[in-house]
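# Structural description and commentary
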Amino acid sequence: MDLLPKSSSDFHKAEYWEEFFTKRTKAFEWYGNYFELSGILLRYIKPKDDILVIGCGNSELSEKLYDGGFLKILNIDISTTVIDQMKQKNVARSEMKWEVMDAAQLKLDDESCSVVLDKGTLDAILSDYTSEVNVTAGKMFKEIERVLRLGGRYICITLAQDPLVSTVLQYLKVTDWLLRVHKVSVSYHKDYDKIQMPVFAIVLTKFRNLPRKILEVCLEDATKPSKLESEEQVLEFIKTQQNYAIVRNELAHGYIKNLGLPSVELHSSDNIIIPRYKINIVDLETYNPLLKYGVFIIPQGRESEWLFSSPKGRLEVAKNAQFKRLAIVALSRDHVYEGGMQQIQKELSLKVMELAPASLDDNYKVPFLSIGGDDIGERHVRYRGESEFTGPFVIEDYVGSEGVWYRQLLFSSAIVQSVVRLTRKTSQKKTNKKQKQKLSKTKTDFENLTPDPSYLTSQYLQIMVAGYTGILDSMHDSFRVLILGLGGGSLAFHTLHFFPNSHVTAVELDGAVADVCRNWFGVSEETFKSRLDICIEDGVSFVENMVKKMEVADEKSDGYLFDIVVIDVDSKDDTKSLRAPPAEFITEEAFENIKCIVKPRGALMVNVLCRDQKTKMNLFADIQKTFPLVYTRDCESDVNTVAFCYKNDGAEDSNEELLQWHSKAQLWEAEWKRSNPDNYELVLCDFLENVLKFREPVN
């Protein structure tokens, strides 16, 4: 039976609805029945109200309202057929009225209604978003505004597709309405083979001369609305619920064959802006047949680690857990979980079942897992700030693996800029590894935690320090390092700590980030006195100015030259295959200027973050035009590559040169181990493995 339109434009044609209601005489509940909608309707409709139901169709909604004591109801529709049907069906409901009428041309007096109820009518009108349809919708809005009394409510039950929401928000810009959007709780059927989109109730309350726009939203279980600041936030709220419906549908219909499914965000009723939980689903083709479905809670603070933040990392977690489907859940730093795993399990038990495999038995008990049993970790936000370049950022301390505390700097996009390990401040008593691992097992005095310079969390930074063996003869050599892109200061901190005669000049464009380094990551001029200079400046401009100073000087001074120049700058542009360095740092002019300020035996080190092999090879070839000798070392744990670039051609036999680096690394490690037997963290030899001499590919 052909009951649905051949094209969306049929929805606003009277002829279509005449045919529709001639074929279907049973009630057709488009967006939920009365039981599912009554909670919201009874919140905004009172028995004394004069109610206008537009596009009533043959829904039982008006009948149920009437039987519930709402007697003053006028039902209108453009279909004569359905109005005749409903008149005959409701003869016994004598006070309820039925009339053929167009919602865009209401034959009613001004301010004659206190409620206008619309269940899918505006959706039908805006199903085909043309200029003609937009005019019709505008007429309908004007008519609704005209017949509503001050304080009256227009209640629109809708799927809230883009054309409708855009039209409503556009209309709000020139009128005085309070907007409130409810997510309606309606039944979900797993055996339904099409996507079941969420239903919303958009409630517009008529006011006059509002001092400001009032935008609010409510989740299914919320009695108190949440205020929003902009129309964009309203759209985001609606889109999040719709995306969830799409994901839920995909999950209900079988195995996820790729890692591209978007994450699911779950909000609490008292905070619909910041999600309380973020869930990623991973399915396995090979799994333990007894383990159908499980939930893994990421320990707090560790959600940005590769294992939990990347699709490949999450796949590794799933393979280790061996569940057919694993829901990997991240907790929010802006929410509190005082009840631990028990509270989380109680809150998520119903929602995670909506994401379960379709074949799951009704009596299956979903296990909740985490690292170390029921331990959900611990985190403490230490500072929040805002940068003019990167926006909001946060500094937090959290418990990592083996109970060790870490501190991380994160930007609003959840990108971890820097991580340092923490240790207790000590005067004379040394802190060994076992003591570090026990930091979380006792009550932690956060004011007594300080960054540990002996540990580098990023592998590319460890590779760079290992590369010092290609420049220095001894750990006690006097040398100067220029770091373009201070970031969290890990490389500067480590260098100043391990190499007592080093001097570091760090150039950072973002003054807010530099202050974070000084105050939270141990990198301050006060601590290192004359051995550290932090300059707030653009890195490319800094180098250009250094070259100009050298040109005007009577003779070249070592004060302008560096043994090591490091480029560690991120472009923040995810759309490009080359994420780091930014384009302005890798021009021929930029490399020539850097060459001018590098000592004859010095080197340029570049952190390269690139997802395209050809682009990366082209970059190394461009560097080689200025720095003839280029060595590269890939990181195993991520896509970073470190390039070591030298002004001379180096030894004929690169293997012999690398062996010399390795020998020095062994001596440095041994020296450090002798002087720091309880705190040995300098590991260099491992990071000199797989260093390759770059040779431009032959086309």
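### Examining the pattern of salt bridges
- Enumeration according to the criterion identifies 31 salt bridges in this entry.
- Among the ionic pairs, R379 bridges to E396, the shortest N-O distance being 3.1 Å. A residue pair is termed long-range when its members are at least 10 positions apart, and R379 in strand β15 (residues 379–387) and E396 in strand β16 (residues 391–399) qualify at 17 residues. With respect to burial, R379 and E396 carry one shared label: buried.
- Of the charged contacts in the structure, one is a salt bridge between K616 and D634, with a shortest N-O distance of 4.0 Å. Remark: D634 occurs in strand β26 (residues 629–634) and K616 occurs in helix α19 (residues 613–624); sequence separation between them is 18 residues.
- In this structure K616 comes out as buried when scored by relative accessible area, which is 7%.
- Taken together, the salt bridges that share partners define one network made up of E303, R333, R379 and E396.

### Quick word on the confidence of the model for the protein
- Across the protein, the average pLDDT comes to 84, with 86% of residues at or above 70.
- Considering only residues more than four positions removed or in separate chains, one finds that residues 1–12, a stretch of pLDDT under 50, has 27 contacts.
- The model gives residues 433–443 a pLDDT under 50, and that stretch makes 27 contacts with residues more than four places away or in other chains.

### Concerning the sheet that holds strand β4 (residues 113–119)
- The 9 strands are arranged β3-β2-β1-β4-β5-β7-β6-β8-β9 in an open sheet whose pairing can be described as mixed. Both outer strands of the open sheet, β3 (97–100) and β9 (226–228), are each paired with one neighbouring strand and no more. With direction set aside, neighbouring strand axes in the sheet form an average angle of 20 degrees.
- Looking at chain direction, strand β1 (residues 51–54) and strand β2 (residues 73–77) are connected through 4 bridges and run parallel. Its bridge partner lying in β2, L52 is registered against L74.
- Strands in contact with helix α7 (residues 162–172) are β5 (148–158), β6 (177–184), β7 (199–206) and β8 (214–218); relative to β6, the strand with the most contacts, it is inclined by about 160 degrees.
- Each of β6, β7, β8 and β9 is contacted by helix α8 (residues 231–252), which is oriented at about 15 degrees to β6, the strand it contacts most.

Thresholds, definitions, all that
- Residues numbered from 1 in each chain as written.
- Predicted model: local features only at pLDDT ≥ 70, side-chain atom pairs only at ≥ 80, totals over all residues.
- Heavy atoms only, no water.
- Salt bridge = Lys/Arg side-chain N within 4 Å of Asp/Glu carboxyl O.
- Helix = DSSP H or I, 4+ residues; strand = E, 2+ residues; numbered from the N terminus.
- Buried < 20%, exposed > 50% of the residue type's maximum accessible area, 1.4 Å probe, protein only.
- pLDDT = per-residue confidence, 0-100.
- Contact = heavy atoms within 4.5 Å.
- Pairing = 2+ DSSP bridges.
- Axes fitted to C-alpha atoms, helices over the stretch in contact; angles between N-to-C directions.

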